[in-house]
Amino acid sequence: MIHSQAIALYENLLEQQEKAHNETLEQREAEKMWIYQKRQELEQVQNGLEVILSKCTSDSKN
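All of these numbers come straight from a predicted model, not from anything done at the bench.

Student: I tried to follow the overall build of the protein on my own but got confused; where do I start?
Tutor: Looking only at helices and strands, the protein features one helix and zero strands. Computed over its C-alpha atoms, the radius of gyration of the protein comes to 27 Å, more than 25% above the 11 Å expected for a compact globule of 62 residues. Judged by the C-alpha coordinates and their principal axes, the protein covers about 90 × 10 × 5 Å. Looking at the protein as a whole, 0% of its 62 residues qualify as buried. Carbon and sulfur atoms make up 58% of the accessible area of the protein, which amounts to about 6200 Å² in all. Averaged over its 7 positive side-chain charges, the protein has a centre that lies 12 Å from the centre of its 11 negative ones.

Student: Sorry if this is basic, but what is going on with the pattern of salt bridges here?
Tutor: Once the charged atoms of two side chains with opposite charge are near each other, the side chains can pair. Following the criterion strictly, the structure yields three salt bridges and no others. A salt bridge links Lys32 to Glu29, with the shortest nitrogen-to-oxygen separation between them at 3.6 Å. On the criterion of helical spacing, the pair formed by Lys32 and Glu29 is a turn pair, its members being three residues apart in helix α1 (residues 2-61). Residue classification places Lys32 among the exposed positions, given a relative accessible area of 53%. In this structure, Lys38 and Glu41 form a salt bridge, with 3.5 Å as the shortest nitrogen-oxygen distance.

What counts, and at which threshold
Residues numbered from 1 in each chain as written. Predicted model: local features only at pLDDT ≥ 70, side-chain atom pairs only at ≥ 80, totals over all residues. Heavy atoms only, no water. Helix = DSSP H or I, 4+ residues; strand = E, 2+ residues; numbered from the N terminus. Rg over C-alpha atoms; globule rule 2.2 N^0.38 Å. Buried < 20%, exposed > 50% of the residue type's maximum accessible area, 1.4 Å probe, protein only. Areas by Shrake-Rupley, 256 points an atom, 1.4 Å probe, with all protein chains shown as cover. Lys, Arg positive; Asp, Glu negative; His and termini not counted. Charge placed at Lys NZ, Arg CZ, Asp CG, Glu CD. Salt bridge = Lys/Arg side-chain N within 4 Å of Asp/Glu carboxyl O.

Structural data, given as structure tokens:
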């Protein structure tokens, strides 16, 4: 009886560990996606600034 309880407890712990591991993986993927989106936004801002700066420098030459 004690042996089967120990096995059941161990299986339960393994299931909890697997669940926590999967949640961590999902969280990492979500964080990667957030970082990717922010990088895209920063690139758009950078491109916009480059356009503005090039326009300013060309306007100042005229």
